[in-house]
Amino acid sequence: GAGVSQSPSNKVTEKGKDVELRCDPISGHTALYWYRQSLGQGLEFLIYFQGNSAPDKSGLPSDRFSAERTGGSVSTLTIQRTQQEDSAVYLCASSLSSVSSTYFGPGTRLTVT
Amino acid sequence: QKEVEQNSGPLSVPEGAIASLNCTYSDRGSQSFFWYRQYSGKSPELIMFIYSNGDKEDGRFTAQLNKASQYVSLLIRDSQPSDSATYLCAVTRNSGNTPLVFGKGTRLSVIA
């Protein structure tokens, strides 16, 4: 595709439910990143994929958060037993070979009620 | 703990003036520095990156880096109302594929 796409664009869920967020990176981009942005906050790094492996998952806030990437392309971020503090915009980004070529998707706004 | 600090603003400048945005970072091993612009409700977009000490100019934008002082800045000349956005500073230790450490951003308002 022309850019990074994410789905859904908005998700409202009840506390305790599981959610899955999807990211389609730019075709051919080997690196994929998940960040989240809470209201009035900067971007918080969650996890980084190079191909299908995750050399850096240091930003995942708890074991309720997990992510996978298949075929070196699509990635899914799963949040189990959602909490209100999980409410944020989850941003996916991809890059080819240099961090200066990192492009962000439009984000998924998650609201936990 | 790697930290990137920015004044949250808002920074208000009149149209046509120079806007100066500042950022400090704690990790002395940082080698690559980025400025992203984020309009309200939109995702960040890269506007400048700089790797070496000194100035780097691109159109109305100039990035300035001082590694000794752990300081990076962004100057916007001839500011326009369309420049009104949040500007995010980000740093990393290398230039390959690597996660970025972001500041919380400075909100810029250009007054017509």
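Our subject is the structure listed above.
Residues numbered from 1 in each chain as written. Chains lettered and ligands numbered in written order. Predicted model: local features only at pLDDT ≥ 70, side-chain atom pairs only at ≥ 80, totals over all residues. Heavy atoms only, no water.

**Student:** Just to check I follow, could you spell out the state of the cysteines for this structure?
**Tutor:** Two cysteines whose sulfur atoms are joined by a covalent bond form what is called a disulfide. For the structure on display, the rule yields two disulfides over all chains. Between the sulfur atoms of cysteine 23 of chain A and its disulfide partner cysteine 92 of chain A the distance amounts to 1.9 Å. With the S-S bond torsion at -65 degrees, the cross-link from cysteine 23 of chain A to cysteine 92 of chain A turns out left-handed. Here cysteine 92 of chain A lies in strand 9 (residues 88-95) and cysteine 23 of chain A lies in strand 3 (residues 19-24), a separation of 69 residues in the sequence. Cysteine 92 of chain A shares its class with cysteine 23 of chain A; the two are buried. Covalent S-S linkage joins cysteine 23 of chain B and cysteine 89 of chain B, the inter-sulfur distance amounting to 2.1 Å. One quick way to see it: the torsion about the S-S bond of cysteine 23 of chain B and cysteine 89 of chain B is about -70 degrees, and its sign makes the bridge left-handed. You can see cysteine 23 of chain B sitting in strand 3 (residues 19-25) and its partner cysteine 89 of chain B sitting in strand 9 (residues 85-92), a full 66 residues away along the chain. For the pair cysteine 23 of chain B and cysteine 89 of chain B, a shared accessibility class is recorded, and that class is buried. (Disulfide = S-S within 2.5 Å. Helix = DSSP H or I, 4+ residues; strand = E, 2+ residues; numbered from the N terminus. Buried < 20%, exposed > 50% of the residue type's maximum accessible area, 1.4 Å probe, protein only.)

**Student:** It is not clear to me how the interface of chain A and chain B should be interpreted in this structure. Could you clarify?
**Tutor:** Accessible area lost on assembly of the parts is the figure often given for the size of an interface. In this complex, chain A contributes 23 residues to the contact, which on the side of chain B involves 20 residues. Of the roughly 1,600 Å² buried where chain A meets chain B, counting both sides, 55% is carbon and sulfur surface. Three residues, Val99, Ser100 and Phe104 of chain A, lead the burial of chain A against chain B; their summed loss comes to 34% of the area buried on that side. The interface formed by chain A and chain B contains zero salt bridges. Where chain A touches chain B, the interface holds nine residue pairs in polar contact (both at pLDDT 80 or more). At the level of secondary structure, the elements contributing two or more residues to the side of chain A that touches chain B comprise strand 4 (31-37), strand 5 (43-50) and strand 9 of chain A. Here the side of chain A that touches chain B is composed, by residue class, of eleven nonpolar, eleven polar and one charged. (Contact = heavy atoms within 4.5 Å. Buried area = accessible area lost by both parts, 1.4 Å probe. Salt bridge = Lys/Arg side-chain N within 4 Å of Asp/Glu carboxyl O. Polar contact = N/O pair within 3.5 Å; in protein donor to acceptor, adjacent residues only side chain to side chain. Nonpolar A, V, L, I, M, F, W, Y, C, P; charged D, E, K, R; others polar.)

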